[in-house]
Amino acid sequence: MLKRELRKKYKNLRLGMSPEQISASSIILANHVLGIPIWDFFYFHTFLSIEANQEVDTLPLITLLQGRDKNVVVPKVVSNNSMENYLLMDSTTLKLSKWNIPEPEDGILVPENKIEVVFVPLLAFDLIGNRVGYGKGFYDNFLRKCDAKTVKIGLSLFEPENSIQDVHENDVALDYCITPEKIYKF
């Protein structure tokens, strides 16, 4: 399928889920993270969920990471296609952006080259690690600035598609994707 078709399909599928289903699936996804060999790293980037879009709830993941003394880094959009990354601390104040994304107002800036693991938002993914996001390119731009060894992990409420037909050369593929059913390694 094409990205635009997949966006429509998976937005509708997510909207058909109850808050309880999303919460339960999000906890399962966070628990699956324990099965990926990333626990020697220190800087973990994660998106903060857009509740209105019925996204994976990243709070269980954040709680897990902080409970293991990991530095959690969250994004803030600063221009049409780029983000800055801030250390998430108890004192961090979050504010909803124009896209209803919780973002840090300020804090300690973390450069891309320090980030070792990135949990990537997505609507869909395929069997070889390509992903479909909302189409703005924020995460592809960000991931290209990270070190080549940075581990990229998608979080999906659904199983993969066989393939995404219109993958672009600037799209950055995942190393893993976690679903409620299993962990995919690419």
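Let me begin by describing the structure that accompanies this report. (Residues numbered from 1 in each chain as written. Predicted model: local features only at pLDDT ≥ 70, side-chain atom pairs only at ≥ 80, totals over all residues. Heavy atoms only, no water.)

## Thoughts on the environment of P160
Next up, step 1: Mapped onto the elements of the fold, P160 is located in the loop between strand 9 (151-155) and strand 10 (176-178).
Next up, step 2: Here P160 falls in the buried class, since its relative accessible area comes to 18%.
Next up, step 3: Placed 139 residues apart in sequence, P160 and Q21 show a C-alpha to C-alpha distance of 19 Å.
Next up, step 4: When residues no more than four places from it in sequence are discounted, the contact partners of P160 are F125, D126, L127 and Y184. (Helix = DSSP H or I, 4+ residues; strand = E, 2+ residues; numbered from the N terminus. Buried < 20%, exposed > 50% of the residue type's maximum accessible area, 1.4 Å probe, protein only. Contact = heavy atoms within 4.5 Å.)

## So, the pattern of salt bridges
Next up, step 1: As enumerated under the stated definition, the model contains four salt bridges in all.
Next up, step 2: For R131, the salt bridge identified is with D140, shortest N-O distance 3.8 Å.
Next up, step 3: K152 is paired through a salt bridge with D175; the nearest N and O atoms lie 3.1 Å apart. Placement of the pair is K152 in strand 9 and D175 in the loop between strand 9 and strand 10, with a sequence separation of 23 residues. (Salt bridge = Lys/Arg side-chain N within 4 Å of Asp/Glu carboxyl O.)

## A look at the packing of aromatic side chains
Next up, step 1: Under the counting rule described, the total for this entry stands at six aromatic pairs.
Next up, step 2: Both rings, one in W99 and one in F138, keep their centres 5.8 Å apart while their planes meet at 65°; by these two values the pair is edge-to-face. Taken together, the positions of W99 in the loop between strand 4 (94-96) and strand 5 (102-104) and F138 in helix 4 (residues 138-145) put the pair 39 residues apart, joining distant regions of the chain.
Next up, step 3: Given the relative accessible area of 34%, W99 is considered partly exposed. (Phe/Tyr/Trp six-rings, centres within 6.5 Å; stacked < 30°, edge-to-face > 60°.)

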